[in-house]
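A look at the structure
The residues making up each chain are set out below.
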Amino acid sequence: MIFCAAADPGGSRALLPVVEELARRGRELRVLDHGFLGRELPPELKGRLCPPPEAEAALGAAGCFLFGSSAADGLPLSLARKAKALGRPTVHVLDNWSGYASRLDTDGRGLFIPDIYAVMDREAWQGAVSGGLPESCLEVTGHPSLAALGGYVRRRQKIPPLAARRDLGLPDDKLLLAFANEPLRLVLGPDLTAAGHYGFTEDQVLPLWAEALLPWADRIEALILPHPKDDPAELAELWRKSGRGLPGRVLRLPEGRAILPIADALAGMASILLYDAWICGWPVLSLQPGVRAEAIRRFSRLPGLHYAGSEQAVGAAVQAWLAETGLGRALQPRPELESHLAAASTIAGLVEKLLEQRK
């Protein structure tokens, strides 16, 4: 039996395609009923859920522990340590290009080394090595949750964006500019100088973005996308104070990616949704004024992505971003998308190989 656990949205959504692939292969699974993975498991797999009080018993019966990491929730890492103590192989699936080592030491007990640490590309591989992970446990597999992006590209090609907007009551005669919010003030705190802080939060970035958009106020509508950890009412109030009177609203969707077939362009800070949009060919803008965290500067290195690492650079970056944006423009996915399409299958194969070796 393979026991699976994750908590945060990113870690859970990277793990879910692997869980589904293992189920498709007929593998016996238990999935911890905890966090976003437990909540977002599809109905046909709900019978595999394991209540948290039964987690240690499930570990004892498992042949392998498969998990995603979390910035704040320590339960998956705690279970990984217990699995290792029981002699069970462990597989960790990376969900973002940051915190390669720190995400496996959130409990302060020392760096946890899984049997397999699945990373999405060579950049992540190098980041993990630089963070202290041994090369022997690293596998470049692609990113499991990115394979689904092909469906959003096809949907946009099949259903014109302007028609899709009418179903949501959105205007079809204005540029729809989406902003992928992240609750950085909640996660990192308001002190921009604190150790480990990015150097900015939504409190600084949203007003800067709005100010740079003012010259285009009669041609655009802003759509603020809440993160799963956001309070939408609080975010709406922040936009009311920050938006400079620009037309816009907080738009709640089943998932952030649902905006991709609809919007004309995407902005944000360091959300994985920016990478999703970039790899699919959307005009993307990353605003990181005063950035202090080297890991999230990777957006500045993505070809064709518009980036501002200081307040002074925001205006020019927004202008270049808008120059690339057109109403309902056709998009061309980047070749990097291909590398992620087989990720879930690749990781499932690695898990099965560990099980065979354990036999």
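As the structure is a computational prediction, the values presented were derived from the model and not from experiment. (Residues numbered from 1 in each chain as written. Predicted model: local features only at pLDDT ≥ 70, side-chain atom pairs only at ≥ 80, totals over all residues. Heavy atoms only, no water.)

**Things to note about the overall build of the protein chain**
The helix and strand inventory of the protein chain stands at 13 helices and 13 strands. The C-alpha radius of gyration computed for the protein chain amounts to 21 Å, which stays within 12% of the reference 21 Å derived for 359 residues, consistent with globular compactness. In terms of its C-alpha atoms, the protein chain occupies a principal-axis envelope of roughly 65 × 45 × 35 Å. Scored against the burial criterion, the 359 residues of the protein chain give a buried share of 55%. (Helix = DSSP H or I, 4+ residues; strand = E, 2+ residues; numbered from the N terminus. Rg over C-alpha atoms; globule rule 2.2 N^0.38 Å. Buried < 20%, exposed > 50% of the residue type's maximum accessible area, 1.4 Å probe, protein only.)

**Quick notes on the sheet that holds strand S8 (residues 175–180)**
The six strands lie next to each other as S10-S9-S8-S11-S12-S13, forming an open sheet whose pairing is parallel. Every other strand in the sheet has two partners, leaving strand S10 (248–250) and strand S13 (306–308) as the edge strands with one partner each. Neighbour-to-neighbour, the strand axes of the sheet open up by a mean angle of 20°, direction not taken into account. Pairing of strand S9 (residues 220–225) with S10 involves three bridges; the strand directions are parallel. (Pairing = 2+ DSSP bridges. Axes fitted to C-alpha atoms, helices over the stretch in contact; angles between N-to-C directions.)

**Some details on the state of the cysteines**
According to the stated counting rule, one finds zero disulfides in the structure shown. Left unpaired, cysteine 64 is separated from the closest cysteine sulfur, that of cysteine 4, by 8.2 Å. Cysteine 64 gets classed as buried once you look at its relative accessible area, which sits at 0%. (Disulfide = S-S within 2.5 Å.)

**Quick notes on helix H11 (residues 272–280)**
A large share of H11 lies buried, amounting to eight of its nine residues. Of all the residues in H11, the buried ones are Leu273, Leu274, Tyr275, Asp276, Ala277, Trp278, Ile279 and Cys280. On its buried face, H11 sits against helix H6 (149–158), S8, S9, strand S11 (265–268) and strand S12 (284–287). Put simply, serine 271 is the residue that caps the front of H11, since its side-chain oxygen is 3.0 Å from the backbone nitrogen of leucine 273. Positive phi shows up at glycine 281, right after H11, with a value of about 100°. (Contact = heavy atoms within 4.5 Å. Polar contact = N/O pair within 3.5 Å; in protein donor to acceptor, adjacent residues only side chain to side chain.)

**As for the sheet that holds strand S1 (residues 2–5)**
In space, the seven strands of this open sheet follow the order S3-S2-S1-S4-S5-S6-S7, with parallel pairing throughout. What marks the edges here is a single partner per strand, and that holds for strand S3 (49–50) and strand S7 (138–140). Examined bridge by bridge, strand S2 (residues 29–32) and S3 share two bridges and lie parallel to one another. Directly across from valine 31, in S3, lies its bridge partner leucine 49. The sheet contacts of helix H1 (residues 9–24) involve S1, S2, strand S4 (64–68) and strand S5 (90–93), and relative to S4 the element is tilted by about 145°. Of the strands in this sheet, S1, S4, S5, strand S6 (116–119) and S7 are in contact with helix H13 (residues 343–358), which crosses S4 at around 150°.

**With respect to the nonpolar core**
Within the largest apolar cluster, 97 residues are counted, with the highest numbers of intra-cluster contacts made by Phe3, Trp209 and Trp321. With residues near it in sequence (within four places) discarded, tryptophan 321 still touches Leu177, Trp209, Leu213, Ala265, Leu266, Ala267, Pro283, Val284, Leu285 and His306. Counting residues in each nonpolar core, the second largest holds 29 residues, with Leu15, Ile116, Ala344 and Val351 among its members. (Core = buried A, V, L, I, M, F, W, Y, C linked by side-chain atoms within 4.5 Å.)

**Brief notes about the packing of H1 against H13**
For the pair H1 and H13, the least separation of the axes is 9 Å and the interaxial angle reads 65°. Between H1 and H13 the crossing geometry is right-handed. On H13, the residues touching Pro17, Val18, Glu21 and Leu22 of H1 are Ala344, Ser345, Ile347, Ala348, Val351 and Glu352. Tallied by class, residues from the contact of H1 with H13 come to seven nonpolar, one polar and two charged. (Left-handed = near helix turned anticlockwise from the far one by under 90°. Nonpolar A, V, L, I, M, F, W, Y, C, P; charged D, E, K, R; others polar.)

**Remarks on unusual backbone geometry**
Of note, arginine 244 is a non-glycine position whose phi angle comes to about 55°, a positive value. With respect to the helices and strands, the residue arginine 244 is situated in the loop between helix H10 (232–242) and S10.

**Topic: H1**
Taking 1.5 Å as the rise per residue, H1 with 16 residues should run 22 Å; its terminal C-alpha atoms sit 23 Å apart, in good agreement. Where H1 bends most, at leucine 15, the angle is about 25°, and the proline proline 17 comes one to four residues later. Burial analysis of H1 places twelve of its 16 residues in the buried class, the great majority of the element. All of the buried residues in H1 are Pro9, Gly11, Ser12, Ala14, Leu15, Leu16, Pro17, Val18, Val19, Glu21, Leu22 and Ala23. (Expected span 1.5 Å × (residues − 1). Bend = angle between axes of the 7 residues up to and from the residue.)

**Considerations on the packing of aromatic side chains**
By the definition in use, this model includes nine aromatic pairs. The interplanar angle of 50° and the centroid separation of 5.8 Å between the aromatic rings of phenylalanine 3 and phenylalanine 65 together place this pair among those described as tilted. On the criterion of sequence distance, the pair formed by phenylalanine 3 in strand S1 and phenylalanine 65 in strand S4 is long-range, its members being 62 residues apart. Taken individually, phenylalanine 3 and phenylalanine 65 each receive the classification buried, so the pair is uniform in this respect. Seen in terms of ring centroids, tyrosine 198 and phenylalanine 200 are 6.0 Å apart; in terms of plane orientation they differ by 45°. Their pairing is tilted. Residue tyrosine 198 is classed as buried on the basis of its relative accessible area, which comes to 19%. Here phenylalanine 200 falls in the buried class, since its relative accessible area comes to 0%. Aromatic rings pair up to connect Phe3, Phe65, Phe67 and Phe112 into one cluster. Here lysine 84 stacks its cationic end above the ring of phenylalanine 112, 5.2 Å away from the centre of that ring. (Phe/Tyr/Trp six-rings, centres within 6.5 Å; stacked < 30°, edge-to-face > 60°. Lys NZ or Arg CZ within 6 Å of the ring centre and 35° of its normal.)

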